[in-house]
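Structure at a glance
Now for the letters of each chain:
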Amino acid sequence: MIVAPEILARREALIALRHDLHAHPELAYQEHRTSDLVAAFLERLGIEVHRGLAGTGVVGVLRRGTGPGMIGLRADMDALPVLERNTFPHRSRHDGRMHACGHDGHTAMLLAAAEYLALHGRFDGTVVFIFQPAEETDGGARVMIEQGLFDRYPVDAVYGMHNWPGLPAGEFAVHAGPVMACADQFDIVLRGHGAHAAMPHQGRDPLIAGAALAQALQTVVSRALDPADPAVLSVTRFFAGGEAYNVIPGQATLAGTVRAFRPEVQDAVEAAMERLCAGIAAAHGVQATLEYRRGYPPTINTPEQSAFCRRVLTGLVGENQVRVDLPPSMGAEDFAYMLREKPGCYVWIGNGLAEGGCMLHNPHYDFNDDILALGASYWARLVGSALPLSE
Ligand code: NI
């Protein structure tokens, strides 16, 4: 493993920075303190700073030499509305907000890389450091792009990194294609006719129709899709009725999420859901409306950049520490929007073996300080390889 000595020498400061971010988590589009901290850090290094994209977004630009090459490195800054259950000194100072996905670590690693590159970097071209808000909920990456991120900074390629609990510290994973799924949402309203619970024949029961529909929706993935195409359909909400034990409600609502890797699969799921809603509603004499909304698209690495990252990582940690055999995750990631615009690659950095339920979004989760210098070194090596000095 070849961690840059200059980064290793800054290890304690890097950990302190990460702990400070962890203690002060901010939710989507409210990352004001974090944004100020990031901007000040970059400015101190003499890095050109642009603020305001998607509100709290920060972009740093570092040029060396005359090379035309330009690459983007992206970190996310937002926290989650989770009540932290950790008791260590750097736990969240704000009840109900927590860096439970490690974006504190992602921000710290990219800042450490910026520091190294500004002070010691040997490369020829332009590095664009992208610190984005609102990865967790609302597509801060999409908003930055809509507000001109890649018009102002026409990068040749863009790179992302996420910590991965369960993958040993010191290891990375690279996917040649899909790495994260899409995250679509649906809402279904079933309108029947309320009645006295003792006289059900006088109404049309949307609750029973909803129960049948929730069951039937489980056949979408198993019966309507090619078994070789991964997809998930989860019903996550089912509301009907109120306080009374003796009232059949007039309405039931269901909601949930759909995950897949290809637009054709999303289309097929939506069509199958329409059929089932119409059919089950007709069978029960109620009305059904389905609202199906496309969310984050799937995150798909481009082959050339994926192979490039694999080479960079192999040089960093050795071939045995670079996993290329892991299946993609059915989770979602708004870096997908950047990969829709530009070639690039999103890698996983091992956060260590999860013990005691320390998976992402868990109230006991914490980013692993031992991988900060390694992740920063990956960024630094990537820049040196993507924007090499001419001989
Ligand atoms: Ni995350």
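Being a predicted model, the structure only gives us computed values, none of them experimental.

Considerations on the nonpolar core
- In this structure, Leu 73, Phe 129, Phe 131, Tyr 159, Phe 172, Tyr 378 and Leu 382 are the most contacted members of the largest nonpolar core, which totals 68 residues.
- With 10 residues, the single largest contributor to this core is helix α4 (residues 103-120).
- Discounting residues that sit within four places of it in the chain, Tyr 378 has contacts with Met 161, Phe 172, Cys 309, Val 312, Leu 313, Leu 316 and Val 347.
- Core analysis: the second largest hydrophobic core is formed by 28 residues, Val 128, Ile 145, Met 338 and Trp 348 among them.

Examining the coordination of the nickel ion
- In the first shell of the nickel ion, the protein supplies Cys 101 (SG), His 103 (NE2) and His 162 (NE2), at 2.1 to 2.3 Å from the metal.
- The sequence pattern formed by the donor residues of the nickel ion is C-x1-H-x58-H. Placement of the pair is Cys 101 in the loop between β3 (70-76) and α4 and His 162 in strand β5 (residues 157-165), with a sequence separation of 61 residues.
- Using a relative accessible area of 6% as the deciding quantity, one classes Cys 101 as buried.

Description of the layout of surface pockets
- Here the largest pocket is characterised by a volume of approximately 780 Å³.
- As for the largest pocket, its lining consists of 34 residues, and the residues nearest its centre are Glu 136, Ala 183, Arg 259, Ala 332 and His 361.
- Listed by contribution, the elements that provide at least two residues to the lining of the largest pocket are β5, β8 (183-191), β10 (231-240), β12 (251-260) and β13 (287-296).
- Across the lining of the largest pocket, the residue classes break down as 13 nonpolar, 11 polar and 10 charged.
- Both of domain 1 (5-180 + 298-386) and domain 2 (183-296) provide at least three residues apiece to the lining of the largest pocket.

Here we look at the pairing of strand β16 (residues 344-352)
- With 9 of its 9 residues buried, β16 lies for the most part within the structure.
- As paired elements, β5 and β16 share 8 bridges and run parallel to each other. Bridge pairing links Tyr 159 to Cys 345 in β16.
- Relative to β16, strand β6 (residues 172-173) runs antiparallel, the two being bridged by 2 bridges. In the strand pairing of β16, Ala 173 is matched with Trp 348.

Some points on the side chain of His 90
- Inspection of the secondary structure assignment puts His 90 in the loop between β3 and α4.
- A distance of 2.9 Å separates polar atoms of two side chains, one belonging to His 90 and the other to Asp 366.
- Each residue touching His 90, except ones within four places of it in the same chain, is listed here: Arg 18, His 19, His 22, Ala 23 and Asp 366.

Some points on the domain arrangement of the chain
- Taken domain by domain, the chain holds domain 1 (5-180 + 298-386) and domain 2 (183-296).
- Spacing between the C-alpha centres of domain 1 and domain 2 amounts to 38 Å.
- Together, the buried faces of domain 1 and domain 2 total about 930 Å²; carbon and sulfur atoms form 69% of this surface.
- Considering only the side of domain 1, the residues that lose the most area to domain 2 are Pro 298, Met 330 and Ala 332, jointly responsible for 60% of the buried surface there.
- Inspection of the region where domain 1 meets domain 2 yields 0 salt bridges.

Observations regarding the environment of Val 38
- With respect to the helices, strands and loops of the structure, Val 38 is situated in helix α3 (residues 32-44).
- Sequence separation between Val 38 and Val 49 is 11 residues, and the spatial gap between their C-alpha atoms is 9.5 Å.

Some words on the packing of aromatic side chains
- Inspection of the entire model under this criterion finds 6 aromatic pairs.
- Aromatic side chains Tyr 159 and Phe 308 sit 5.9 Å apart centroid to centroid with 55° between the ring planes, which places their arrangement in the tilted category. Linking Tyr 159 in strand β5 with Phe 308 in helix α9 (residues 303-317), this pair joins segments that are 149 residues apart in sequence. Here Tyr 159 matches Phe 308 in class, with each residue buried.
- Judged by centre distance (5.7 Å) and plane angle (80°), the rings of Tyr 296 and Tyr 337 are edge-to-face. Linking Tyr 296 in strand β13 with Tyr 337 in helix α10 (residues 335-341), this pair joins segments that are 41 residues apart in sequence.

A few points about empty space enclosed by the protein
- One pass over the full model with this rule turns up 1 cavity of 30 Å³ or more.
- Taken as a whole, the largest cavity encloses approximately 30 Å³ of empty space.
- Secondary structure elements with two or more residues in the lining of the largest cavity: β3 and α4.
- A class-by-class count of the residues in the lining of the largest cavity yields 4 nonpolar, 1 polar and 1 charged.

Here's the deal with the sheet that holds β8
- Reading across from one edge, β10-β12-β8-β13 is the order of the 4 strands in this open sheet, with antiparallel pairing throughout. Looking along the sheet, the strands with just one partner apiece sit at the ends: β10 and β13. This sheet shows a mean twist of 15° between the axes of neighbouring strands, independent of strand direction.
- In the sheet, β8 pairs with β13 via 8 bridges, with the strands oriented antiparallel. If you follow Ile 188 over to β13, its bridge partner there is Leu 290.
- Running at roughly 175° to β10, helix α7 (residues 206-224) makes contact with β8, β10 and β12 of the sheet.
- Along the sheet, helix α8 (residues 263-284) contacts β8, β10, β12 and β13; its crossing angle with β13, the most-contacted strand, is approximately 165°.

Rules behind the numbers
- Along every chain, residues carry numbers that run from 1 in the direction the sequence is written.
- With pLDDT at 70 or above as the cut-off, local features in this predicted model cover only qualifying residues; side-chain atom pairs require 80 or more to be listed or tallied, and sums for whole chains, interfaces and linings still use all residues.
- Hydrogens are left out, water is left out, and the side-chain values use all remaining heavy atoms of the structure.
- Here, nonpolar core refers to any group of buried Ala, Val, Leu, Ile, Met, Phe, Trp, Tyr and Cys residues whose side-chain atoms link them within 4.5 Å.
- Exposed residues in this analysis have more than 50% of their type's maximum accessible area, buried residues have under 20%, and partly exposed residues fall in between, with area computed by a 1.4 Å probe over protein chains only.
- A run of DSSP states H or I qualifies as a helix once it reaches four residues; a run of E qualifies as a strand once it reaches two. Both are numbered from the N-terminal end.
- Contact between two residues is taken to exist if any of their heavy atoms lie within 4.5 Å; hydrogens are not considered.
- Each metal's donors are the N, O and S atoms within 2.8 Å of it, or within 3.2 Å when it is Na, K or Ca, and because water is not part of the set, sites may look incomplete.
- Definitions used throughout: a 1 Å grid over protein atoms alone; a cavity as a set of points that fits a 1.4 Å probe which cannot get out; a pocket as an open set with protein on both sides within 12 Å along at least five of seven lines; a lining residue as one with an atom within 4 Å of a point.
- Grid points are joined across faces, edges and corners, and a volume is the space filled by probe spheres set on the points.
- Each residue is assigned to one of three groups, with Ala, Val, Leu, Ile, Met, Phe, Trp, Tyr, Cys and Pro labelled nonpolar, Asp, Glu, Lys and Arg labelled charged, and all others, Gly among them, labelled polar.
- Domain borders in the structure are assigned automatically or taken from a domain database.
- We call two strands paired when DSSP finds no fewer than two bridges between them.
- Nitrogen and oxygen atoms within 3.5 Å of one another constitute a polar contact, given that in protein one can donate a hydrogen and the other can accept it, and given that sequence-neighbouring residues count only through two side-chain atoms.
- Note on terms: buried area is the combined drop in 1.4 Å-probe accessible area of two parts once they are placed together, counting the loss on both.
- The term salt bridge refers to a side-chain nitrogen of Lys or Arg lying within 4 Å of a carboxyl oxygen of Asp or Glu.
- Pairing of aromatic side chains requires ring centres within 6.5 Å, counting the rings of Phe and Tyr and the six-membered ring of Trp. Pairs whose planes differ by under 30 degrees are stacked, by over 60 edge-to-face, and all others tilted.
- A fitted line through C-alpha atoms serves as each axis, taken over the contacting stretch for helices, and the angle formed by two N-to-C directions is quoted from 0 to 180°.

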